[in-house]
Amino acid sequence: MSDISKTKEREPMFSAKVLKLLKNPFNLENPITVQVLGICSALAVTVQMKPAIVMALSVTIVTAFSNLIISSLRDTIPSRIRIIVQLVVVAALVIIVDQVLKAYVYDVSKKLSVFVGLIITNCILMGRLEAYAMANKPWPSFVDGFGNGLGYGLILVIVAFFRELLGSGKIYGFRVIPQAVYDSGYMDNGLMILPPMALITIGVIIWVQRARTPELQEK
Amino acid sequence: MEHSNKYIFIYSIVMVVVIAVSLTVVAVQLKPAQEDNIRIEKMQNILTSVNVPIASVPKKQIIEVYHKYITTAIGININGDVVEQDAEKVFAIDLANEFKKPAEKQILPVFTATLDGGDTAVIVPLRGKGLWGPVWGYISFKTDYNTVFGTMFDHKGETPGLGAEINQPFFMNPFKGKTIFDQDGKFTSIQIVKGGAADDNPHGVDAISGGTITSKGVEKMIFDNLTSYQAYINKQKKK
């Protein structure tokens, strides 16, 4: 009896391996800046901080729970229809998130409009499901999805911070550039509000990240 | 592992049923909260059209503020007769549905606001088409049924930075004080003029550069909707 329990001894909840799953998406395996996934929503919902944060949370919830569900079902899913099963699970979760947003944060949900629905087609989700959840246990899969969602969200929030600050002079809806600065001739940069500047901001983030991380530099 | 066709079919059916049931439960549970949001937004829009400042009013108090200012709501038909007196029912009228009916069966809402200082304004809802989808709004008049008191416009998905700007104060504010009838009492509606309206034009406001089709859509919306109210307005003016 004691032998069995020894061989079956479980990994601690937060082993080094699991922590790595949580940490890697923030830098070495960031979904946006390294894997270049989920760019379209990163361009669209980063004009202001508030929608960006809600979007980041929504994606994190959906990646974490779709990874968890698919991983728990992975041995029962017939391989011939596995993509369909993944899509149905993701779509159901996205609809639930969308409905909750409509019920409790209506104005943000209006700003995010179609982009919540489009989480279904966010490449990060299918990528994590295929690459990780189909081959790993539920708990590490959940952490992997959670980490990737947060890694995506981190970039979203950084981009939104600069776009809102330079484009509207606000942070999270609060005016931070004092009126005196405007009076002396400063103007908000209207270009920051348009999608091209999001692309350029992401480009700058990738540049900074690569310059600081030797592992990411091609020889 | 290869599964049989039977397994795949059963698996799909069970999966779809489970998901359908859970989505239904979620939708039914959240419906009341979502409907409240839509009602409150409509109240905010109506209040905006009579220039009640609501930006600082918390959502929960909007209903209270609405009932304080909006004193009557009636439904009229194309002949200008009052056909609906129940304010709740009038509030629930969806113009998109009404416009699908033949003209003589439509019920069109008219709201009356009593403002601080005793002014009265008459509010008429609007709905039309922009470039990409529906545009809508409210326009309010002074009691002469001629001078615009305030407006509120919004849209589903006009081009950001161009047509989408119709919901901004710089577009909505110039409507104030414009008139929809000329000196001879002829209906002129309000023109949205590309290149800018002349300062002394009592029936024209500036269009949005780069948003011509949306601007034209708003102009047509005001013209079409107010045309349906002609009989009612004429009756009121005679009183």
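This structure is a prediction, so every number in the text was calculated from the model and none was measured.

### Notes on the overall build of chain A
Line of reasoning, step 1. Along the backbone of chain A there are eleven helices and two strands.
Line of reasoning, step 2. For chain A, the succession of helices and strands along the chain, N to C, is α-α-α-α-α-α-α-α-α-β-β-α-α.
Line of reasoning, step 3. Based on the C-alpha atoms only, the size of chain A along its principal axes is roughly 80 × 45 × 30 Å.
Line of reasoning, step 4. In chain A, buried positions account for 35% of the 219 residues.
Line of reasoning, step 5. Taking the intrachain contacts of chain A between residues at least 6 apart in sequence as the baseline, contacts between residues at least 24 apart amount to 77%.

### Description of the pairing of strand β5 (residues 134-141) of chain B
All names here are of chain B.
Line of reasoning, step 1. Extensive coverage of β5 is indicated by the burial of seven of its eight residues.
Line of reasoning, step 2. Pairing between strand β4 (residues 120-129) and β5: eight bridges, direction antiparallel. Looking across to β5, one finds that G128 is bridged to V135.
Line of reasoning, step 3. As consecutive antiparallel partners, β4 and β5 are separated by four residues.
Line of reasoning, step 4. Across seven bridges, the pairing between β5 and strand β6 (residues 148-155) is antiparallel. Among the inter-strand pairings, F141 is bridged to a residue of β6, identified as V148.
Line of reasoning, step 5. The antiparallel pairing of β5 with β6 creates a hairpin that spans six residues between the two strands, and Y145 there sits at a positive phi of about 55 degrees.

### Here we look at the sheet that holds β4 of chain B
Residues and elements named next belong to chain B.
Line of reasoning, step 1. If you walk across this open sheet you meet the six strands as β2-β1-β3-β4-β5-β6, and the pairing is antiparallel. Every interior strand has two partners, whereas the edge strands, β2 (82-84) and β6, have only one. Adjacent strand axes in the sheet meet at a mean angle of 30 degrees when their direction is disregarded.
Line of reasoning, step 2. One ladder, built from six bridges, connects strand β1 (residues 70-76) with strand β3 (residues 108-114); its direction is antiparallel. What sits directly across from I76, in β3, is L108.

### Re the confidence of the model for chain A
Line of reasoning, step 1. Predicted confidence across chain A gives a mean pLDDT of 88, with 95% of residues reaching 70 or more.
Line of reasoning, step 2. Note on residues 1-7 of chain A: pLDDT is under 50 here. Beyond four places in sequence and across chains, it has zero contacts.

### Structural notes on helix α1 (residues 5-49) of chain B
Residues and elements named next belong to chain B.
Line of reasoning, step 1. With 45 residues, α1 extends 61 Å from end C-alpha to end C-alpha; this agrees with the ideal 66 Å at 1.5 Å per step.
Line of reasoning, step 2. Along its length, α1 shows its largest kink, about 45 degrees, at K31, and proline P32 lies within four residues downstream of that point.
Line of reasoning, step 3. Here α1 has its buried residues at M43, I46, L47, T48 and S49.
Line of reasoning, step 4. Buried residues along α1 sit against α2 (62-69), β1, β3, β4, β5 and β6.
Line of reasoning, step 5. Directly after α1, the chain includes N51, whose backbone phi takes a positive value near 60 degrees.

### Regarding the pairing of β3 of chain B
All names here are of chain B.
Line of reasoning, step 1. Among the seven residues of β3, five are classified as buried, and the element is accordingly described as predominantly covered.
Line of reasoning, step 2. Relative to β4, β3 runs antiparallel, the two sharing four bridges. The residue of β4 that forms the bridge with T112 is V122.
Line of reasoning, step 3. Between β3 and β4, which pair antiparallel one after the other, the connecting turn spans five residues, and G117 there sits at a positive phi close to 90 degrees.

### Here's the deal with helix α4 (residues 49-73) of chain A
An α-helical segment advances 3.6 residues per turn. Residues three or four places apart therefore align on the same side.
Line of reasoning, step 1. With 25 residues, α4 of chain A should cover 36 Å at 1.5 Å per step; its first-to-last C-alpha distance of 36 Å lies within 8% of that length.
Line of reasoning, step 2. Taken across its 25 residues, α4 of chain A has 18 buried, putting it largely inside the fold.

### Regarding the interface of chain A and chain B
One frequent convention defines the size of an interface as the accessible area lost when the parts assemble.
Line of reasoning, step 1. With 15 residues of chain A in contact, the opposing surface of chain B contributes 16 residues.
Line of reasoning, step 2. It is helix α5 (residues 82-104) of chain A that provides the largest number of residues to the side of chain A that touches chain B, a total of ten residues.
Line of reasoning, step 3. Residues of the side of chain A that touches chain B, tallied by class, amount to twelve nonpolar, one polar and two charged.

### Considering the nonpolar core
Proteins that are soluble and globular tend to have nonpolar side chains buried together.
Line of reasoning, step 1. In terms of nonpolar packing, the biggest core is built from 44 residues, with M55, V62, L93 and L156 of chain A touching the most fellow members.
Line of reasoning, step 2. Those elements that place two or more of their residues in this core are α4, α5, α8 (123-131), α9 (138-168) and α11 (195-212) of chain A.
Line of reasoning, step 3. No other element matches the twelve residues that α4 of chain A contributes to this core.
Line of reasoning, step 4. For L93 of chain A, the contacting residues outside a window of four places in its chain are V62, F65 and S66 of chain A.
Line of reasoning, step 5. If you look at the next biggest cluster of nonpolar residues, it comprises 43 residues, including V52, V124, I190 and I208 of chain B.

### A word on the environment of T212 of chain B
Residues and elements named next belong to chain B.
Line of reasoning, step 1. Note on placement: T212 falls in helix α6 (residues 212-228).
Line of reasoning, step 2. Sequence separation between T212 and E158 is 54 residues, and the spatial gap between their C-alpha atoms is 11 Å.
Line of reasoning, step 3. With residues up to four places along the chain from it excluded, the contact list for T212 reads K194 and A207.

### Describing the environment of I54 of chain B
Residue and element names in this part refer to chain B.
Line of reasoning, step 1. With respect to the helices, strands and loops of the structure, I54 is situated in the loop between α1 and α2.
Line of reasoning, step 2. Residue classification places I54 among the partly exposed residues on the basis of 19 C-beta atoms within 10 Å.
Line of reasoning, step 3. As for I54 and V83, which are separated by 29 residues in sequence, their C-alpha atoms are 31 Å apart.

### Observations regarding the confidence of the model for chain B
Caution is warranted with low-pLDDT regions, since their predicted coordinates should not be read in detail.
Line of reasoning, step 1. Put simply, chain B has an average pLDDT of 90, and 100% of its residues get 70 or more.
Line of reasoning, step 2. Scored as a complex, the prediction yields pTM 0.79 and ipTM 0.77.

Criteria and thresholds
- Residues numbered from 1 in each chain as written.
- Chains lettered and ligands numbered in written order.
- Predicted model: local features only at pLDDT ≥ 70, side-chain atom pairs only at ≥ 80, totals over all residues.
- Helix = DSSP H or I, 4+ residues; strand = E, 2+ residues; numbered from the N terminus.
- Buried ≥ 20, exposed ≤ 12 C-beta atoms within 10 Å, placed from the backbone.
- Contact = placed C-beta atoms within 7 Å.
- Pairing = 2+ DSSP bridges.
- Axes fitted to C-alpha atoms, helices over the stretch in contact; angles between N-to-C directions.
- pLDDT = per-residue confidence, 0-100.
- Expected span 1.5 Å × (residues − 1).
- Bend = angle between axes of the 7 residues up to and from the residue.
- Nonpolar A, V, L, I, M, F, W, Y, C, P; charged D, E, K, R; others polar.
- Core = buried A, V, L, I, M, F, W, Y, C linked by C-beta atoms within 7 Å.

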